[in-house]
Amino acid sequence: MLMAHPSMLRKLVARYEELAAPGAESGDPKVVRQREDTAYTLCVSTGTRDIRDALRVARQAIAAAGEPAAASVTSASV
């Protein structure tokens, strides 16, 4: 299976975590859409169907490549 480059995965994980952080949404439908789009891109890039699995696979690929990890958010919501 083809996988996105670890640096791209790192950026996607960081972007998703930024958009999923508590208070990031603040009722803005644009932010909700961006989070959904980022979750979809992460799933496609990692060959998964669930954002939790996508984040796990992306973080494993980032770690295996020796890329600096993005800051972790303990709860991932979609």
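The model shown is predicted, which means the values in this text are computed figures rather than measured ones.

A.B. asks: Help me understand the nonpolar core, please; the structure alone is not making it clear to me.
C.D. replies: Considering soluble globular proteins, one finds that nonpolar side chains tend to be buried as a cluster. Among the nonpolar cores identified, the biggest contains 14 residues, and V13, Y16, L42, I51 and L55 are the most heavily contacted of them. The set of elements that each furnish at least two residues to this core consists of α1 (6-20), α2 (29-46) and α3 (51-64). Here this core takes six residues from α3, the largest share from any one element.

A.B. asks: Explanation requested: the packing of α2 against α3 in the structure shown.
C.D. replies: Running from amino to carboxyl end, α2 crosses α3 at an angle of 55°, the nearest separation of the two axes being 9 Å. Taken as axis vectors, α2 and α3 run oblique relative to one another. Crossing of α2 over α3 shows left-handed handedness. Within the contact between the two elements, α2 uses A39, L42, C43 and T46 and α3 uses I51, A54, L55, V57 and A58. Tallied by class, the residues present in the contact of α2 with α3 amount to eight nonpolar, one polar and no charged.

A.B. asks: Explain the packing of α1 against α3 here, please?
C.D. replies: Across the interface, α1 lies against α3 with an axial gap of 9 Å and an inter-helix angle of 140°. With respect to each other, α1 and α3 are oriented oblique. The crossing of α1 and α3 is left-handed. Contacts between α1 and α3 involve P6, L9, R10, V13, Y16 and E17 from the former and I51, L55, A58, R59, A61 and I62 from the latter. By residue class, the composition of the contact of α1 with α3 is nine nonpolar, no polar and three charged.

A.B. asks: What is the right way to look at the confidence of the model for the protein chain in this model?
C.D. replies: Reading fine detail from the predicted coordinates is not recommended where pLDDT is low. In the predicted model, the protein chain carries a mean pLDDT of 86, and the fraction of residues at 70 or more is 83%. Low confidence marks residues 72-78, where pLDDT is under 50. Its contacts with residues over four positions away, or in another chain, come to 12 contacts.

Definitions and limits used
- Residues numbered from 1 in each chain as written.
- Predicted model: local features only at pLDDT ≥ 70, side-chain atom pairs only at ≥ 80, totals over all residues.
- Heavy atoms only, no water.
- Core = buried A, V, L, I, M, F, W, Y, C linked by side-chain atoms within 4.5 Å.
- Buried < 20%, exposed > 50% of the residue type's maximum accessible area, 1.4 Å probe, protein only.
- Helix = DSSP H or I, 4+ residues; strand = E, 2+ residues; numbered from the N terminus.
- Axes fitted to C-alpha atoms, helices over the stretch in contact; angles between N-to-C directions.
- Parallel < 35°, antiparallel > 145°, perpendicular 65-115°, else oblique.
- Left-handed = near helix turned anticlockwise from the far one by under 90°.
- Contact = heavy atoms within 4.5 Å.
- Nonpolar A, V, L, I, M, F, W, Y, C, P; charged D, E, K, R; others polar.
- pLDDT = per-residue confidence, 0-100.

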